[in-house]
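Analysis of the macromolecular model
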Amino acid sequence: MQVGTPLDQPRSVHRARKRLFVGLISIACLVMCVLLGLLWLVPYVGLDNIHPATKWVLGALVLGLVGLVCVAYWGLFLNIITKKPLLGARRFRGLTIKLFLPLMVLLGRAFGIPKEHIMLSFISVNNDMVLAEAGRYAPGDILLLMPHCLQNSKCDRRLTYDINNCVRCGKCPMAGLLELHDKYGVNLAIATGGTVARRIVVQLRPRLIIAVACYRDLSSGIQDTYPLPVYGVLNERPHGPCLDTTVSLPIVEKMLDRFIDPDKAKDGRTISTGQAARA
């Protein structure tokens, strides 16, 4: 069974995932610096034929790029270690998603590290950065985005376009999620895939997403929605992938308590969002 999220896992597992991430981004940073150095070194001899100062101009450019890579690396490293909001924290998260993650996947393939381990490590670090970066929001600015596999496979109710079709029988986690939806007044939607999920996000324009999914869908969703902060909660899969999965409701509620602005929590609104995916 796949475990839910770093908050409900043994600390040693969470630390191991973070160590893997830090190790891979360290190697990725070193590789980039070496490649940039070679960019200057390889044509060094021939640059004199263009102009005597050409090699020094190129060298200064390469040195500047190496400096940027190192600043990005150390900023990200300190963000991960301290778990505190640092200047440019959103940019560090963007560098992780757009630059370091693809390099980490390539390095992991070269070192024989399963992609699943890298994605789980990425999700753990992303969650730490979101916790450090994100503030508190009105309930209407938060979206609970759920996968359709949480619904009982034998249920004939279609919830993708309207969550209110659920009869709350308790045979799947949807009843508990609807209770959280009613209690806190946050948006709740179910997506059957990446296309529907993106449509929901575009239409509702939340400021923060708490997403539940498997590690593949979470990692791709975090990349697709950047710079929108996404806190990922891994679903539990007692019957295998994409079939009658579950989620730890206490963890979802704990994150709602973390991200909801207490001054706006009692606004009395109950928001139904399932219909947004149809348009």
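By convention here, each chain's residues receive numbers from 1 onward along its written sequence. Under the rules for a predicted model, residues below a pLDDT of 70 receive no local features and side-chain atom pairs below 80 are neither given nor counted, while totals for whole chains, interfaces and linings still include all residues. For the side-chain quantities, the full set of heavy atoms in the structure was used; hydrogens and water were omitted.

If you look the chain up in an unreviewed UniProt entry, it shows as DUF116 domain-containing protein from Pseudodesulfovibrio methanolicus.

Turning next to the overall build of the chain. Starting at the N terminus, helices and strands are each numbered in turn, a helix being any DSSP run of H or I of at least four residues and a strand any DSSP run of E of at least two. Across its full length, the chain carries nine helices and four strands. Reading the helices (α) and strands (β) of the chain from amino to carboxyl end gives α-α-α-α-α-β-α-β-α-β-α-β-α. Across the 279 residues in the chain, those meeting the buried criterion constitute 47%. Pairs of residues are marked as contacts when any of their non-hydrogen atoms sit within 4.5 Å. In the chain, once contacts between residues fewer than 6 apart in sequence are set aside, the share between residues at least 24 apart is 74%. A simple rule labels every residue: compare its accessible area, found with a 1.4 Å probe on the protein chains alone, to the largest value its type can have, and call it buried under 20%, exposed over 50%, or partly exposed in between.

Looking now at the pairing of strand 3 (residues 208-213). Along strand 3, six of the six residues are buried, which leaves the element largely enclosed by surrounding structure. Along strand 3, one buried face is formed by Leu208, Ile210 and Val212 and the opposite face, lined by Ile209, Ala211 and Ala213, is buried too. Any two strands with at least two DSSP bridges between them are considered paired. Of the pairings in the sheet, the one linking strand 1 (residues 142-147) to strand 3 comprises four bridges and is parallel in character. Bridging from a neighbouring strand, Leu143 pairs with Ile209 of strand 3. Tracing the backbone out of strand 3, into helix 8 (residues 215-225) and back to the parallel element strand 4 (residues 230-234) gives a crossover that is right-handed. When the strands point away from the viewer, a crossover counts as right-handed if the route from the first strand across the helix to the second turns clockwise.

With that out of the way, let us pick up the side chain of Ser121. Tracing the backbone shows Ser121 in helix 5 (residues 115-133). Using a relative accessible area of 0% as the deciding quantity, one classes Ser121 as buried. Ignoring any residue separated from it by four or fewer positions in sequence, one finds Ser121 in contact with Arg17, Lys18, Leu20 and Phe21.

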